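Given next are the chains, with one letter for each unit.
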Amino acid sequence: MNIHSFKTLKSAHLLNNLLIYLKVNWALTIGLFLAVSVRLTFWIYTDRTWEDALITTTHAMSAAEGIGLTHHAGEPPIHGFTSVLSVLIPLVAEVTVSGSGIFFLKLCSVIASVLTLIYAHSIGQKYNLDQWSSLFVLVFLACDYQHIFYGMAGMETQVAVAIIVAGAFYVINRATIPSGICLGLALLARPDFVLWVAPALFFLGVYNWKIARNSGIIAFLVTLPWLIFTLLYYGSPVPNPIKAKAGFYFQDQLTEHSSKLAEWMHWIGVRLDMHRLQTWKMLTPLYNVNSAIIIDPPIRFRYAIIFAFIFVTLALIGIWTKRRSLEFYPIIGYLGIYLVYRVLFVFPFYFDWYLPPFTAFLVLCAGLGIHRLGKASWQVKRGLAIVLSLAYAFHIPFTFPLEQRVQSIENQVRRPLGEYLGQVIQPGEAITSESSGYIGYYSRGLLWDFPGLTSHTSRQVLENVPPEDNNLYYLIAQLEPTWIVLRPNERDELARMYPEIYAKYRVHKHLKSEVDLNYLFMSYTSIDQEFWLMRRED
């Protein structure tokens, strides 16, 4: 037998083994098929691009163009993104083909979804999950709205989920080098993943301090080059959006309520009440879409929320079954720490792209819960797996057409505004808008955005102002930029609050979309259907 024949026989043998494995593990096969096909369908049909994805990718474009790893020219380099990987991934594409960064991020999200399911299935096998118990875990990861949307709209969300699930697998198996690499990559994926890295290293240390030490050193070495770069290039490793958002979104934090224990308890109670309904809503099928209003639902919220209660109950049962498994404690620890962090420090109606890593761990626990109940009745186990899988995939025929319509609005309003500004703006002229994604990406102009995510100038103006002045209108009044891009309500508010400033501007362009956001029993809301482009008349 020659070498070519041997390689052909070996390849055929490997393919045959793979087919047998996928046939035996039919839940994984179903999950992988759904994950890839659903994401490709969403991508091709909607071509959806999220505003924040454009903000981060603009930095990669600037680097590829020779401006530097910054959002725009005209200001010192700015660390205008929180996820390192959300910039480094598109940068790989941008240096090859200009404008391909978003495409490459979406492609990586499809690949990351496959890795997510493979590692989630491997964790399930570690705890002897049967096929029916695994089915809900894998279908949820493949079809849940938030697990599809943000990654396929150009953000790092799916990559972050893949990294944290892979890290959990290696930490559970106490694999030193892979654990360290995944923990380091987690910190590069998102700063808040320190809430995962800390319990992972702690419980590794409880088991074997040498494994924890070595994994921690590897994680540190993975992140060290970026820390050195940011210190030398930006002057600080702390991303500018964290500083800007801290001044705007987190004005009611502990510093205002720390004088007495009673005031602390009152503040915590207020935060819990703020998150009470929203947290359950984010776990409720069909209702976990922030921009959607269910007009005439096939199942009302008070009934749909039952699925969320079942989901959480199963997760609690799964956590209880692993209360004596020390290697599972990093997952439990992250769930608890993240929940406290989200309730106390995160604005309840925002930042939903940070939820998928949390729900990925939660559904793993729910799979363990189904497995535990299945020991008493396999009919219950199979019924729960099928019903819950269908419930969390039910949104697809309705949300996909609506997301396609939302993207049509972006293509009719914000994108052409950005492209137009790119043609008419002169060197040194600045733009101010809250909409820094589409406007900044397509105009490539000097952007003094609100609340200062991508601009030193904006953040410095707003840094120490009282809460009542930390707004877009104060920023415009202080800076008087050449161009302002405003929604109708923003235009009206500027005229009301600062009439003398508003009088200096003349309407240059007005775009409005008439796209219908009603589809069957769902209706989307969009604040981006109409914008006014105004220019200061000197």
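Residues numbered from 1 in each chain as written. Predicted model: local features only at pLDDT ≥ 70, side-chain atom pairs only at ≥ 80, totals over all residues. Heavy atoms only, no water.

Caption draft 1: Representation of the packing of helix H8 (residues 157-172) against helix H9 (residues 176-189) in the model. Remark: H8 packs on H9, axes separated minimally by 9 Å, with the N-to-C direction vectors making an angle of 155°. Taken together, the axes of H8 and H9 lie roughly antiparallel to each other. With respect to the hand of their crossing, H8 and H9 are arranged in left-handed fashion. Counted together, Ala 160, Ile 163, Ala 166, Gly 167, Tyr 170 and Val 171 of H8 and Pro 178, Ser 179, Cys 182, Leu 185, Ala 186 and Ala 189 of H9 form the full contact between these two elements. Its residues assigned to classes, the contact of H8 with H9 shows 10 nonpolar, two polar and no charged. (Axes fitted to C-alpha atoms, helices over the stretch in contact; angles between N-to-C directions. Helix = DSSP H or I, 4+ residues; strand = E, 2+ residues; numbered from the N terminus. Parallel < 35°, antiparallel > 145°, perpendicular 65-115°, else oblique. Left-handed = near helix turned anticlockwise from the far one by under 90°. Contact = heavy atoms within 4.5 Å. Nonpolar A, V, L, I, M, F, W, Y, C, P; charged D, E, K, R; others polar.)

Caption draft 2: Spatial organisation of the sheet that holds strand E4 (residues 483-486). Spatially, five strands are ordered E3-E2-E4-E8-E5 in an open sheet, and the strand pairing comes out mixed. Each edge of the sheet is formed by a strand with only one pairing partner; in this case those strands are strand E3 (446-447) and strand E5 (505-512). Note that E5 and strand E8 (residues 530-536) share seven bridges and pair antiparallel. Residue pairing for E8: Val 507 is matched across the bridge by Met 534. Its contacts with the sheet put helix H23 (residues 488-497) on E4, E5 and E8, and the angle it makes with E4 is roughly 120°. (Pairing = 2+ DSSP bridges.)

Caption draft 3: Fine view of the environment of Val 137. Along the chain, Val 137 falls in helix H6 (residues 131-143). Judged by relative accessible area, which is 4%, Val 137 ranks as buried. With 224 residues separating them in the primary sequence, Val 137 and Phe 361 have C-alpha atoms 9.6 Å apart. (Buried < 20%, exposed > 50% of the residue type's maximum accessible area, 1.4 Å probe, protein only.)

Caption draft 4: Quick peek at the environment of Thr 56. Along the chain, the position of Thr 56 falls in helix H3 (residues 51-65). Classification of Thr 56 as buried rests on a relative accessible area of 12%. With 398 residues separating them in the primary sequence, Thr 56 and Thr 454 have C-alpha atoms 9.4 Å apart. When sequence neighbours within four positions are dropped, the list of residues in contact with Thr 56 reads Phe 81, Ser 86 and Val 87. From its side chain, Thr 56 meets the backbone oxygen of Ala 53 in a polar contact 3.0 Å long. (Polar contact = N/O pair within 3.5 Å; in protein donor to acceptor, adjacent residues only side chain to side chain.)

Caption draft 5: Up close: the packing of aromatic side chains. Under the definition given, this model contains 41 aromatic pairs. Measuring from ring centre to ring centre gives 6.0 Å for Phe 136 and Tyr 392, while their planes differ by 45°; the resulting arrangement is tilted. Residue Phe 136 is located in helix H6, and its partner Tyr 392 is located in helix H17 (residues 378-393); the two are separated by 256 residues in the primary sequence. The two residues Phe 136 and Tyr 392 agree in class, both being buried. Ring geometry for Tyr 233 against Tyr 234: centres 4.9 Å apart, planes inclined by 75°, an arrangement best described as edge-to-face. (Phe/Tyr/Trp six-rings, centres within 6.5 Å; stacked < 30°, edge-to-face > 60°.)

Caption draft 6: Quick look at the pairing of E8. Taken across its seven residues, E8 has six buried, putting it largely inside the fold. In this sheet, E8 lies alongside E4 in antiparallel orientation, the contact comprising four bridges. Each bridged residue has a counterpart across the sheet, and for Ile 484 the counterpart in E8 is Met 534.

Caption draft 7: The environment of Lys 245, seen in detail. With respect to the helices, strands and loops of the structure, Lys 245 is situated in helix H12 (residues 240-248). Each C-alpha atom, one on Lys 245 and one on Pro 451, is 7.0 Å from the other, the two residues being 206 residues apart in sequence.

Caption draft 8: Spotlight on H17. The end-to-end C-alpha distance of H17, which contains 16 residues, comes to 23 Å, matching closely the 22 Å that a straight helix rising 1.5 Å per residue would cover. Taken together, the buried positions of H17 are Lys 381, Leu 384, Ala 385, Leu 388, Ser 389, Ala 391, Tyr 392 and Ala 393. (Expected span 1.5 Å × (residues − 1).)

Caption draft 9: Representation of the nonpolar core within the structure. Core analysis: the largest hydrophobic core is formed by 137 residues, its most contacted members being Phe 136, Val 165, Trp 196, Phe 311 and Phe 361. For this core, the leading source of residues is H8, giving 13 residues. In contact with Trp 196, not counting residues within four places along its chain, are Ile 164, Gly 167, Ala 168, Val 171, Leu 183, Ala 186, Pro 330, Ile 331, Tyr 334 and Phe 361. If you look at the next biggest cluster of nonpolar residues, it comprises 22 residues, including Ala 430, Leu 472, Tyr 474 and Ile 484. (Core = buried A, V, L, I, M, F, W, Y, C linked by side-chain atoms within 4.5 Å.)

Caption draft 10: Expanded view of the side chain of Glu 429. For Glu 429, the location among the structural elements is in the loop between helix H19 (414-424) and strand E2 (430-432). Here the side chain of Glu 429 touches Gln 426 through a polar contact of 3.0 Å, landing on its backbone nitrogen. Looking at Glu 429, its side chain comes within polar contact range of the side chain of Arg 535, at 2.8 Å. Every residue in contact with Glu 429, bar those within four places of it in the chain, is listed here: Val 424, Leu 446, Thr 482, Trp 483 and Arg 535.

As far as function goes, none of this settles anything; it's purely spatial.
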